[in-house]
Amino acid sequence: MLNAAAPIGVFDSGVGGLTVLRALRTELPHESFIYLGDTARLPYGTKSPETVVRYAQQAAEALVARGIKALVVACNTASATALPALQLRFDDLPVIGVVEPGARAAVAASRSGRIAVLATEGTVRGGAYQQSILTLRPEAQVQAVACQLFVALAEEGWVDGAVAEAAARRYLEPLLSAPPDQRPDVIVLGCTHFPVLRPVITALAGNAVQIVDSAATTARCVSELLQQRGLLNTSSAPGEVRFLATDGLLRFTTVGVRFLGTAISAADVELIDL
Ligand code: DGL
């Protein structure tokens, strides 16, 4: 029996998923969260599907053992690769990924149906975004581009300036060099790390292209699901957040602040082994 007062578990391969946690806290201020960043094994985006499924199951187990009432897979690569396996294994728990909400946000924003997805190698290879978009809008034209270097740039805090611009230009080149009537009108940031690079991407893509990410749509989706299942926390007190990381506690707090938007105290982060 799930307890409405229990926390929501959120996991990512590292600190990028804090962008999703941020949206969840805005949407659900009375909920408590346990966020797990598998920092020891980042990146997931270059690993094989088998490895990502195994890592995701271990991360989910650790959160389930702490009594969560729902699981949010904030990592796009894990959502794209491991969501069905997680839903099967934890079948009494609501398990929500970020790919379907991201696809929904993109389809809602696109007029032309030409949608580009920027993601990790693993997410692009698995085709989950492409499939989700086509399920919602069968005539859509989806172009997916693997932008693995963006992960390192975001982690390093190099989110503007010459290096970030050069990387963005290189990745976006195939999309933006197309004739105007064949260019996408929506770009989906299909990776937890990419929202911090939004200004650079927007500057290159121009005003005719809308940039969407899955954080806010996922948060709304979680809220609706908890409501349907009678699992919303009825307390009027602000929720609490605890953090777990598998390596580099200092780095988690210093880099994490860029993604979460608020300071993380080292005392709130616990080192765990999966
Ligand atoms: N969290 C991953 C994602 O959203 C990006 C970082 C990684 O490759 O692990 O796809």
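Just so you know, these numbers come straight off a predicted model, no measurement behind them.

**Notes on the side chain of Q148**
Line of reasoning, step 1. Relative to the helices and strands, Q148 is located in helix α7 (residues 148-156).
Line of reasoning, step 2. When its relative accessible area of 17% is taken as the criterion, Q148 is described as buried.
Line of reasoning, step 3. Looking at Q148, its side chain comes within polar contact range of the main-chain nitrogen of E121, at 3.2 Å.
Line of reasoning, step 4. Setting aside residues no more than four positions away along its own chain, Q148 makes contact with P43, G45, T46, A119, T120, E121 and Y171.

**Brief notes about the site of the ligand**
Line of reasoning, step 1. Around the ligand, the surrounding shell holds 15 residues, and the nearest of these are D12, S13, Y44, G45 and T77.
Line of reasoning, step 2. G45 places a polar main-chain atom, nitrogen or oxygen, 2.8 Å from an oxygen atom of the ligand.
Line of reasoning, step 3. Here N76 contributes a backbone N or O atom positioned 3.0 Å from an oxygen atom of the ligand.
Line of reasoning, step 4. Within the complex, 100% of the 290 Å² of free accessible area of the ligand lies under protein.
Line of reasoning, step 5. Only α3 (76-89) and α7 provide two or more residues apiece to the shell around the ligand.
Line of reasoning, step 6. Taken together, the residues of the shell around the ligand sort by class into six nonpolar, eight polar and one charged.

**Structural notes on the packing of helix α8 (residues 162-176) against helix α9 (residues 198-205)**
Line of reasoning, step 1. One way to put it is that α8 packs onto α9 with a least axis distance of 10 Å and a crossing angle of 45°. On the basis of the axis angle, α8 is oblique to α9. Both α8 and α9 take part in a crossing whose hand is right-handed. Along the contact surface, α8 presents A164, E165, A168, R169, L172 and L176, while α9 presents V200, I201, L204 and A205.

Each value, and the rule that gives it
- Residues numbered from 1 in each chain as written.
- Predicted model: local features only at pLDDT ≥ 70, side-chain atom pairs only at ≥ 80, totals over all residues.
- Heavy atoms only, no water.
- Helix = DSSP H or I, 4+ residues; strand = E, 2+ residues; numbered from the N terminus.
- Buried < 20%, exposed > 50% of the residue type's maximum accessible area, 1.4 Å probe, protein only.
- Polar contact = N/O pair within 3.5 Å; in protein donor to acceptor, adjacent residues only side chain to side chain.
- Contact = heavy atoms within 4.5 Å.
- Near = heavy atom within 4 Å.
- Areas by Shrake-Rupley, 256 points an atom, 1.4 Å probe, with all protein chains shown as cover.
- Nonpolar A, V, L, I, M, F, W, Y, C, P; charged D, E, K, R; others polar.
- Axes fitted to C-alpha atoms, helices over the stretch in contact; angles between N-to-C directions.
- Parallel < 35°, antiparallel > 145°, perpendicular 65-115°, else oblique.
- Left-handed = near helix turned anticlockwise from the far one by under 90°.

Function-wise, these values are silent; they only describe arrangement.
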